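Chain and residue survey
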Amino acid sequence: MQDDVPDNRPPPRDYIERLSEYFEDIGGWSYDHRWWVLLGSFLLFGIAGLCASRAHVDMTFASFFEESDPTYSAYQQFRDEFGSDETAYILYEVPESEFGPFDIEVMRKIDHLTQALEEEVPFLSEVTSLTNVEYMEGLPDGIRVYGLLDDFPESQEALLEIREDVLKRPLYIGGLVSEDAKYAAVILEMSGSAVDPPEDLKLDPEGGEWIENFYPQVSETAIAEILARPEYKGITFYHSGEVPWNSTYNRIMIPQTLLLTVMTYIVIGALLFFFFRRWMGVFGPFIIVTISITISAALIGIMGWKLDLTFPFVPNLLIAIGVADSVHVISEFNNYYHKLGDRREAIRRTMYLVGTPCLLTSLTTAGGLLAMSISNIKSMAHLAVYSAMGIMAAFFLTVTLLMALFAFGRRGFVPKGKNDDEYRAREGRIFDTILGAIVRFDIRHTKAILLCFALIFAASFAGMYRLHVDTSFIDQWREDALVRQTALKVDYIMGGMNSMIYLFDTGEADGIKEPAVLREIERVQNKAEEEGEFVRKSYSIVDVIKELNRVFHGDDPAYYKIPETRELVAQLLLVYEISGGEDLEKYVSGDFSRATLEMRCQVGPISVMQKLDDNISAYLDEQPLQATQVQATGVGALWLKFASYITTSQIQGMLLAFCIIAAMLCFIFRSVKIGLLSMIPNLSPVFFTLGYMGWAGIDLDYTRLLIAPLAIGIAVDDTIHLVTRYHMEFRRCGDYAKALEGCLLNVGRALIGTTVILVMGFIMNVFHGMETQVIFGKLIAWTIFSALIADFFLMPALILTLKPFGPEKTDPS
C-alpha cells in the first residue's frame, strides 16, 4: 500500500537533506522505542520539577537590577542611612460633619486609629497624623516640640483654634491636611521596600512562599482590616501609596496571569481539536509546552535565580513557539497518515519534512532571545537564557515525545485509490481555495505587493520614530480600577503620590549646618517647585530650619528664612533636639554630612519625571553647586534608570538579534542572499508592531519590550518552514510559480492554523485586570497576524522577483 504514494523527494544533495534523513531516522526510533521515550520524558519532567522547586519567587522591583548596578547601589546606601521611602497614604474626609477632619469626635477616632496602626501594622516604621505630628511652639526662653494633640483639646472651639494655626504652617499643607481643611491624612512610613530581598519581606518565616505572607500584602491587609472597623464609621478613607499599589499589583498580576494561562490553554486546545480532530493533537503540544516551562524554571533553580516579574511571559513565549512547531508536525502527520494508513511511516515522512525546519527555527529563535542576555535589566538577561533553554527543550520533545505519542492509537487504513485531490476535497477544500487564490495573487501582482509593503515599511519607520520609552503606574490599571481612581483622587487633593529624592553630600561632618549649603538645597528646591503642577510638594531640612527660625522669633514671618551664620543654625538645631524634636533623621544623616530633598510629584508617566530631572540637571550645569555634590536617588531614580535600560536593551538586543539570526539563516541556507532575504519578512512584524505603537501613542515599557523577541521568534518559525519547503519544491520542479503553489498548498495550512490558534490564545489577555496586559495581548495578536501576511505575500513576492534559489529549469520541448 505504501508503494501507491509517490515519495517525490529529491535525491540528497546538501546538508538539509542529510539532516532531514537523520530526523526521519529519529522519527522511526521514537516510534520503535516509544515506551522508553515516554519513561525518559516522565523522568525528565520529574527531575526538572524537583530543580524548579528550588527556585524562589521575587516579584520585587529589585529583580530588575544587579547588585553591582551603580544606581541600585546608591539607592541601597540611601536606604541604609535614611530608611525606606515607601508609604501607605490614607486620605480621609467626613462628609457629614461641619468641621470635617477637625470635628473633635472625629479627631478622637483618628487618635485611636493612629495608635491601632502603630501597634498592628507589620513592616511599619512610623505613623504620622494630625494627632501626633511634631509641632513647634515658641516660648520666652526657647521652643517647645511636642505632638500636636498631646494635650487633647477639651472643646470644639479649642480644636478649631488649632486648625487655624495648622493652616498657617507650610509643612502641614498638602501632606497632612488640604488647603481648605476638608481632607486630612494619616501617613505610614514603612520599613520594607519593593527592592528588598524577598527573604527580608516575609512576615512568618514558617508561613511558606505564598504572596499573602510577604510585604506589602501583609501590611495592606492589616491596614484594610483596621480601616473597616465599625468604630471609624462616618469617616471615608482613601487608601493609596506604594503599599496598596504594589500589593494590588501582586494580587492581580500573579493569579490572573495563571488563570488566563489556563484559559489560553483551553482556547488553544479547542482550536487544535477543531483543526485536527484528534485528542493527541491537543494534549501532545500542551504536554510539550508544560515540560518545557518546567525545564525553564528548573534552570532558574539550578542557577540560583528567582521567579521574577518577567517569568510570567515564559508561558506566552513557549506556547507560541511550541504550538507553532507542533501544528506543522501534526498537520504533516495527519496528511501522511491519511494517505498511508501506517503510523510509523507517517511519522518518518513527517520528520523528514519538518524535523530540519523545526530545528532551524528553534536555533534561530533561541539565538535571537540570547541576544537579550546583554541587557542591563537583570531579569531580562536571565529571561533570555532560560527561555532559550525552554525553546530548545520544546524542540527536543517535539521530535521525540510527540512522535512517541503519535505511535499510539488505532491503526487505520485508507482504501486504495484515495488520492490527494480526493482527500483535500473532503477535508480541506476551503484551505485550498484560499491558498490557491493567494498563490495566483502573488504571481500576478508581485510588483504591486512589493510596492505596498514598501509603503507600509515607510509608514512603520515613521511610527517608530514617534515611539517613546515610558511607563506609568497609573496606566497599568484599567480606568475603572479602584486603585487607579483612588490614586488620582488623592493625587489631585493632596501632594503628589510619586516621589523623587535628591541627596546632597558635603563630604564633611556637620557640613549641612553651613548656611551656604542650606541655600544650595533651597535653590534646587525652589527650582523644582517652579516645574508647573508636576511637583506638588517638597520637603527638606531647609523647611525645618526656616520653621525653627520663625518659631524661635515669636512666629514672626520675616524670620521664615535660613539664618545668616553656621552658629545660629547649630544653635537652632541644638535647641530643637533638646526640646524633644525627632524628625531630623528624615532629612539629614546622623553626622549632618548629607541631606535629602524629597519632591512629591504628580502621578504620571516616568518621562515627566525624567524631564524634571533633566531640567534640574541643566539648571545645575548653568549654575553649579559649590558646597555640595548632588545625586538623584530613591525609587524614582531607579525608575528613571530602568527606563534608560529599556531603551538600550531594545536597541542593542534588536541589533544583536538581527545579526545572530541573519548569520544563522545565511548558514542554514548556505547563501547570504537567501539568508538576508529571509530576514525581511522576519523583521516586518516587529517594524509593523512598533510602528503601530508609535502612531497609536502606545509607549514601550518593560512588558512590551518582549514583543520584539516574541515577534521575531514567531516570524522566523513560519519563514523557515516556508522557505525550506519552497526551496525543496523548487529543486523538485525547477519552476518558481509551481514551487510556490506546492509550498503554500502544504505549509500554508499549518501557517493559517498556527496563526488562528495563537491569535485566539493571546487575545484572551483582554480579560486581564491590568491594562498593560490587555494591550500586550492585543499587540501580540496583531504581531502574529502580520507575520502571516508577510509570509503569504511579501516572502513569495521577494522570491519570485529575486529568484534566490537559482535559475529555473528550461522546458526541453
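Residues numbered from 1 in each chain as written. Predicted model: local features only at pLDDT ≥ 70, side-chain atom pairs only at ≥ 80, totals over all residues. Heavy atoms only, no water.

1. Quick look at the confidence of the model for the chain
We apply this condition: Within a predicted model, pLDDT stands for the predictor's per-residue confidence, ranging from 0 to 100. Contacts are assigned to residue pairs that have any heavy atoms within 4.5 Å of one another.
Model confidence for the chain is summarised by a mean pLDDT of 86, while 94% of its residues fall at 70 or above. Note that residues 413–421 has pLDDT below 50 and, in this model, 13 contacts with residues that lie over four places away or in other chains.

2. Remarks on the sheet that holds strand β3 (residues 124–128)
Keep this limit in mind: Any two strands between which DSSP finds at least two bridges are classified as paired. The numbering of helices and of strands both runs from the N terminus, where a helix is a DSSP run of H or I of at least 4 residues and a strand a run of E of at least 2. Whenever a helix is involved, its axis is fitted only over the stretch in contact; in every case the axis is a line through C-alpha atoms, and angles between N-to-C directions fall within 0 to 180 degrees.
As summarised here, the arrangement of the four strands in space is β3-β6-β2-β7, forming an open sheet in which the pairing is antiparallel. Each of the sheet's edge strands pairs with one partner strand only, and the pair in question is β3 and β7 (236–241). For this sheet the average axis-to-axis angle between neighbouring strands, irrespective of direction, equals 20 degrees. One ladder, built from six bridges, connects strand β2 (residues 87–93) with β7; its direction is antiparallel. Within the sheet, the bridge partner assigned to Tyr89 lies in β7 and is Ser240. Strands in contact with helix α7 (residues 242–276) are β2, β6 (183–190) and β7; relative to β7, the strand with the most contacts, it is inclined by about 75 degrees. Together, β2, β6 and β7 form the strand contacts of helix α15 (residues 482–493), whose direction differs from that of β7 by roughly 95 degrees.

3. A look at unusual backbone geometry
What counts is decided by this rule: Partly exposed describes any residue whose relative accessible area lies between the buried limit of under 20% and the exposed limit of over 50%, with all areas from a 1.4 Å probe on protein chains only and scaled to the type maximum.
Omega for the bond connecting Tyr215 with Pro216 falls within 30 degrees of zero, at 5 degrees, which places this linkage in the cis form. Relative to the helices and strands, Pro216 resides in the loop between β6 and α6 (217–227). A positive phi angle is found at Phe592, which is not glycine, with a value near 60 degrees. Inspection of the secondary structure assignment puts Phe592 in the loop between α18 (566–578) and β11 (594–601). Relative accessible area serves as the criterion here: at 9%, Phe592 is assigned to the buried category. The phi dihedral of Lys803 is positive, around 45 degrees, even though this residue is not glycine. Relative to the elements of secondary structure, Lys803 occurs in the segment after α24 (771–802).

4. Brief notes about the nonpolar core
Side chains of nonpolar character tend, in soluble globular proteins, to be buried together. Rules: The nonpolar core is taken to be a set of buried Ala, Val, Leu, Ile, Met, Phe, Trp, Tyr and Cys residues, with the residues joined through side-chain atoms within 4.5 Å.
Counting residues in hydrophobic clusters, the biggest one holds 223 residues, and the most contacted among them are Leu113, Leu117, Val121, Val186, Leu188, Tyr726 and Phe792. In this structure, Phe792 is in contact with Leu435, Ile438, Asp442, Leu744, Gly748, Leu751 and Ile752, ignoring residues within four places of it in sequence. Within the second largest apolar cluster, 43 residues are counted, among which are Tyr502, Ile541, Val551 and Ile562.

5. Structural notes on the environment of Asn765
If you trace the backbone, Asn765 turns up in the loop between α23 (736–762) and α24. Look at Asn765 and you get buried, because its relative accessible area is 6%. Measuring from C-alpha to C-alpha, the distance between Asn765 and Lys778 comes to 7.5 Å, with 13 residues separating the pair along the chain. Ignoring anything within four residues of it in the chain, the contact list for Asn765 reads Leu260, Gln773, Val774, Phe776 and Gly777.

6. So, the packing of α7 against helix α9 (residues 313–340)
Using the following cut-off: Throughout, the term roughly parallel applies to angles under 35 degrees, roughly antiparallel to angles over 145, roughly perpendicular to angles from 65 to 115, and oblique to all others. Amino acids are sorted into nonpolar (Ala, Val, Leu, Ile, Met, Phe, Trp, Tyr, Cys and Pro), charged (Asp, Glu, Lys and Arg) and polar (every other residue, Gly among them).
Close contact between α7 and α9 brings their axes to 12 Å; oriented N to C, the two are set at 10 degrees. Judged by the inter-axis angle, α7 sits roughly parallel to α9. For the pair α7 and α9, contact is made by Thr261, Thr264, Tyr265, Ile268, Leu272 and Phe276 and by Pro315, Ile319, Val323, Val327, Ile330, Ser331 and Asn334, respectively. Taken together, the residues of the contact of α7 with α9 break down into nine nonpolar, four polar and no charged.

7. A closer look at the side chain of Ser786
Looking at the secondary structure, you find Ser786 in helix α24. The class of Ser786 is buried, set by a relative accessible area of 2%. Setting aside chain neighbours within four positions, we find Ser786 in contact with Pro685 and Phe688.

8. A closer look at the pairing of β2
Burial analysis of β2 places seven of its seven residues in the buried class, which makes it a mostly covered element. The two faces of β2 match: Thr87, Tyr89, Leu91 and Glu93 on one face and Ala88, Ile90 and Tyr92 on the other face are all buried. Direction of pairing for β2 relative to β6: antiparallel, over a ladder of seven bridges. From the neighbouring strand, Ile90 faces β6, where its bridge partner is Val186.

9. Section: the sheet that holds strand β9 (residues 498–505)
Read from one edge to the other, the open sheet built from four strands follows the order β10-β11-β9-β12, with strand pairing classed as antiparallel. The open sheet has two free edges, formed respectively by β10 (535–540) and β12 (629–633), since each of these has just one partner strand. If you compare each strand with its neighbour and ignore which way they point, the axes differ by 20 degrees on average. Pairing of β9 with β11 involves eight bridges; the strand directions are antiparallel. By the bridge assignment, Tyr502 is partnered in β11 with Leu597.

10. Comments concerning α15
Rule in force here: By this rule the span expected of a helix is its residue count minus one, scaled by 1.5 Å. Our arc is simply the arc of the directions from the helix axis toward the C-beta atoms.
An ideal rise of 1.5 Å per residue puts 16 Å on 12 residues; α15 measures up with 17 Å between its terminal C-alpha atoms. Those residues of α15 lying buried are Val483, Arg484, Thr486, Ala487, Val490 and Asp491. End-on, the buried residues of α15 take up no more than an arc of 165 degrees, which puts them together on one face. Exposed residues on α15 whose side chains face more than 90 degrees from its buried face are Leu482 and Tyr492.

11. A short note on the packing of helix α8 (residues 280–303) against α9
What counts is decided by this rule: Two helices crossing with the near one rotated counterclockwise from the far one by less than a right angle form a left-handed crossing, whereas a clockwise rotation gives a right-handed crossing.
Orientation of α8 relative to α9, taken along the N-to-C sense of each, is 140 degrees, at an axis distance of 9 Å. What the angle tells us is that α8 and α9 run oblique. The crossing of α8 and α9 is right-handed. Contact with α8, carried on its side by Gly281, Pro285, Ile288, Val289, Ser292, Ile293 and Ser296, involves Val314, Pro315, Leu318, Ile319, Gly322, Val323, Ser326 and Ile330 of α9 and no other residues of that element. Each residue belonging to the contact of α8 with α9 can be placed in one class, and the counts come to 10 nonpolar, five polar and no charged.

12. Concerning the side chain of Gln476
Take Gln476: it is sitting in the loop between α14 (446–465) and α15. Excluding residues within four positions of it along the chain, Gln476 makes contact with Tyr249, Tyr702, Met770, Glu771 and Thr772.

13. A word on a nonpolar patch on the surface
For the record, the criterion: Within this analysis, patches are made of residues with over 30% relative accessible area and no salt bridge. Like charges are joined at 9 Å or less; nonpolar side chains (Val, Leu, Ile, Met, Phe, Trp, Tyr) at 5 Å or less. Accessible surface area values rest on a Shrake-Rupley calculation with a 1.4 Å probe, where residue burial reflects the displayed protein chains alone. Put simply, a salt bridge is a Lys or Arg side-chain nitrogen that is within 4 Å of an Asp or Glu carboxyl oxygen.
A cluster of nonpolar side chains, Trp36, Leu39, Phe42, Leu43 and Ile47, forms an exposed patch at the surface whose accessible area comes to about 600 Å². Relative to the assigned elements, Leu39 resides in helix α2 (residues 34–52).

14. Focus on the pattern of salt bridges
Applying the stated criterion to the full structure yields 31 salt bridges. A salt bridge links Arg144 to Glu137; the nearest nitrogen and oxygen atoms lie 3.7 Å apart. Judged by its relative accessible area of 31%, Arg144 is partly exposed. For Glu137, a relative accessible area of 30% puts it in the partly exposed group.

15. Description of helix α3 (residues 70–82)
Across its 13 residues, α3 extends 18 Å between first and last C-alpha, which sits within 8% of the 18 Å expected from 1.5 Å per residue. Taken as a whole, α3 has its buried residues at Thr71, Tyr72, Ala74, Tyr75, Phe78, Arg79 and Phe82. Down the axis of α3, the smallest arc covering the buried residues is 160 degrees, so these residues share one side. When the buried face of α3 is taken as reference, the exposed residues oriented beyond 90 degrees from it are Pro70, Gln77 and Asp80.

16. Details of the environment of Ser617
Within the fold, Ser617 resides in helix α19 (residues 606–622). Judged by relative accessible area, Ser617 falls into the partly exposed class, the value being 32%. For Ser617 and Gln631, which are 14 residues apart along the polypeptide, the C-alpha to C-alpha distance reads 9.8 Å.

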